[in-house]
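One-letter residues, chain by chain:
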Amino acid sequence: METTSPSQPPFDETNEDTPEIGGGLPIIKYWAEHTLSPEGPKIWKTLLHHSACLSCSWGTGGQKGGFTNEEGEKLQRCMKSVEAITAEIQPPVSKHFFDTNPIARLQQLTSYEADRLGRLSFPVILRAGSSHFQRISWDEIYSIATAAFKLDPERVASYSSGRGSNEAAFVLQLMMRTLGSNNLADCSDLCHAPSTTALSEMFGTKTSIVSLESLKEADCVVLAGANSPSNHPRLMNELIKIRDNGGKVIVINPVMEIGLVKFGSPAFPVKSLVPGSKIADLYLQPIPGSDVALFIGIQKALMGQGRIDREFLQAHTEGWEAILEQAHTTSWETITSTCGVSQTEIESAATIIGMSKRVVFAWAMGLTQQLNGVDNVYSIANTALVSGNAGKMGAGVMPVRGHSNVQGFGSMGVTVKLKEELKQALERLLGRSLNLPTGYHTRDLIEAAAAGKVDSLICVGGNLYGANPNSNQAKQALGNIDTIIYMATKPNIGHFNGLAKTNTIIIPVFNRFENPYKTTSESGNNFVRLNDAGETHLKSGDLIPEVEFLTKLAHYVLGEEPIQWRKMQDPQYIRQIIASTIEGYQKIATIDDTKEEFTIADRIVTKPHFKTPSGKAKMFTTPLPDLTLPTAQDFNIGERANNSLVLALMTGRSYSQHNTVVYKIGDMYRGMPHRNCILMNRLDAEKIDLAAHDRVTVQGDAGKLKDVEVIYGSVREGAALMFYPEVNVIFTAQTETRSGTPAYKRVPVVIYSDK
Ligand SMILES: Nc1nc2c(c(=O)[nH]1)N[C@H]1C(S)=C(S)[C@@H](COP(=O)(O)OP(=O)(O)OC[C@H]3O[C@@H](n4cnc5c(=O)[nH]c(N)nc54)[C@H](O)[C@@H]3O)O[C@H]1N2
Ligand SMILES: Nc1nc2c(c(=O)[nH]1)N[C@H]1C(S)=C(S)[C@@H](COP(=O)(O)OP(=O)(O)OC[C@H]3O[C@@H](n4cnc5c(=O)[nH]c(N)nc54)[C@H](O)[C@@H]3O)O[C@H]1N2
Ligand code: SF4
Ligand SMILES: [Mo]
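Read on for an overview of the structure.

What counts and how
Residues numbered from 1 in each chain as written. Chains lettered and ligands numbered in written order. Predicted model: local features only at pLDDT ≥ 70, side-chain atom pairs only at ≥ 80, totals over all residues. Heavy atoms only, no water. Near = heavy atom within 4 Å. Polar contact = N/O pair within 3.5 Å; in protein donor to acceptor, adjacent residues only side chain to side chain. Areas by Shrake-Rupley, 256 points an atom, 1.4 Å probe, with all protein chains shown as cover. Helix = DSSP H or I, 4+ residues; strand = E, 2+ residues; numbered from the N terminus. Nonpolar A, V, L, I, M, F, W, Y, C, P; charged D, E, K, R; others polar. Pairing = 2+ DSSP bridges. Buried < 20%, exposed > 50% of the residue type's maximum accessible area, 1.4 Å probe, protein only. Contact = heavy atoms within 4.5 Å.

A short note on the site of ligand 2
Taken together, 33 residues lie near ligand 2, and Tyr159, Lys490, Glu546, Thr660 and Asn728 sit nearest. Ser161 is positioned with one of its side-chain polar atoms (N or O) 2.8 Å from an oxygen atom of ligand 2. A distance of 3.1 Å separates a nitrogen atom of ligand 2 from a polar atom in the backbone of Met487. Bound to the protein, ligand 2 loses 97% of the 930 Å² it would expose on its own. Elements with a contribution of two residues or more to the shell around ligand 2: strand 15 (483–488) and strand 21 (644–652). Looking at side-chain class alone, the shell around ligand 2 contains 14 nonpolar, 14 polar and five charged residues.

Focus: the sheet that holds strand 19 (residues 598–599)
Taken together, the three strands give an open sheet; going across it, the order is 17-18-19, and neighbouring strands pair in antiparallel fashion. Only two strands of the sheet have a single partner each, and these edge strands are strand 17 (519–522) and strand 19. For strand 17 and strand 18 (residues 527–531), the ladder comprises four bridges, and the chain directions are antiparallel. By the bridge assignment for strand 18, Ser521 is matched with Arg529.

Some remarks on the environment of Asp99
In this fold, Asp99 is placed in helix 4 (residues 97–100). On the basis of relative accessible area, Asp99 is assigned to the partly exposed category, the value being 47%. Each C-alpha atom, one on Asp99 and one on Ser540, is 19 Å from the other, the two residues being 441 residues apart in sequence. Sequence-distant contacts of Asp99, that is, excluding residues within four places in its chain, are made with His132 and Phe133.

So, in structure tokens, the structure goes:
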């Protein structure tokens, strides 16, 4: 007999504020409002600039024009890129802003307010004991920074976020490693680290094995744990085209995201924009954190239907017997009760996959930000392999990456997991052996700082404070570090709350379309973009290119031997070194002359030969997750426990935010009017006598948020959704041990009425 959770899917109840389709006319309205506004000409200039879009990793833009994708197709710029540009072309933060606003006031700013302050245009410092940030000279910055980075290398660290250039990333890691530090924390630690961990073991590569060209040949896409209409809008065009050609799309997501049901794309103004295009042929809504069970179920159903590609498994994989054994011995009862999806639905998914010739399996944070994130990636990739879907055009595994150049940061070696080949290449460059300590990834960095083990930190972009769970712990931890240097384009809550013990310095940098020289970046599909030089609108500002600051600092700290840091100020020279040290990047050596953007060599796998030592893909079994939630009493809420509800909370992005930066307060596609909302199932609300728009307290293991508005939505019973960074104050998050990634998508919380 099948067991599922008390109520049956679909969980598709919407509220009065949710539109009928994702995308659609509001996108055009936004475009029109912004591109026809007084700042319109500046937006157009940037849209037409030959550089990669700032926003997501889909990689639109570059040498063939701002609207072109990697296959040379036009009209691929989405409104998310306008959102990002609009924020970057703001006027500067006013000259006297920091003199007139004490730090106590700055700490009250919301993420939205901090971003609206404008662009940073001169460097500032907050000194211990001082109540205000003050302007600081470059001489003093270098003198403080040099002293800070000459300290014990094990107590020196960096954090980075993937919007800078490959050149800056390469210099950052080279500087840190030449110093003797491997403390290269990066935002990818909080993001796709489980994907890189699992993919390197399975396929010998850390990134997608599918190119955009190859995706176009798929006749089925499985999209798990990704809200692509919002976070990778141009991926939607590919799904629409695949379906137009008779292909299928399977979505796996506890939330029925409207844009994954139906999406109106401006790229197809007549047939799609207003009526919307159907996206999901099958929409599965598992319990958060249970995807492993669902994928084992699909494998089991494929076996039952005689659709396992045994010939492929025998010839091109290792460890497959144990995978089939696991699928065979795990009972349907266990599978369906763990994931909450019925056997019939799982079998339907298997039938679609089994009958398709070429399937791409794609995923994002719903799979990685889990306590078993690495197992999730193993299990989706195992499903690809047992169905013979890897090593050919139109098929394979595709992590849908985050920031626009986060993958480039990884390729350049900004990671605590330094690959042996790169280590050897760096050793050749330095003329000595590199025996570095393990290094702190992002969570370890916070823990080390909390334990007083970090003296100096440089942050190349990002918002280390806002991105981490347990905001109060992050604040205290950063407060133990003597010197923190933030390099940033715009102020964010991290600059005001992540304060160092002695000196907190904020350095204004140029963004990608303003840099005075060419840079490169790498998309999630392994394509390298060349970004033309540009100019900033901040004419009287005192900004610095990232590469210039990092190489000058390296020069002051390390001298000119064995690396000629001053020569490295020329990004063209950095590209020469990248070409000779970074695998697959040879073509970057001539990119300044040829302007030829390229796919990184040996990343895309279209033949069944993988980059593992044996040439075979390696498979790993995946234990079922333990999804037990604490009880209400465990939260120590006394009497309140009697009328409360424990939920698995998914935390993520609203429609109008980019990570910790909020562009617009509400999320119109989920009908959530402001930031302090919880999206939940009506049946859950009724269990504790709540009605829509009632106010509740949401409490985790580290704190609580009050006055949270209940919004009914198409989310699975037992689960709920809230927005980060605000929600990060209430929970500590367990960390996946192999990747270091926090389980942001399954946070145990208790909710109860504020009345
Ligand atoms: N506009 C915009 N674009 C962005 C970003 C942005 O903030 N704004 N951020 C960039 C970055 S750094 C990243 S990493 C990506 C993030 O892109 P996504 O991963 O798409 O973003 P999230 O909001 O984290 O949402 C992930 C989805 O996972 C689902 N989910 C939650 N738990 C589970 C689960 O247990 N199983 C499954 N199957 N699904 C689950 C949620 O319902 C949600 O739809 O986007 C990038 N692009
Ligand atoms: N609860 C919860 N927490 C999460 C997540 C979640 O889903 N739920 N997602 C996690 C994920 S996937 C990620 S990637 C992290 C994101 O974490 P981060 O990458 O650390 O944060 P961002 O908000 O992307 O950083 C934005 C800041 O980068 C700076 N910036 C922008 N462009 C540039 C540039 O060109 N150069 C420089 N130097 N600075 C620039 C600006 O000052 C801007 O304010 O958050 C993580 N935290
Ligand atoms: S899909 Fe991503 S890369 Fe392409 S335009 Fe939109 S935000 Fe930019
Ligand atoms: Mo991310």
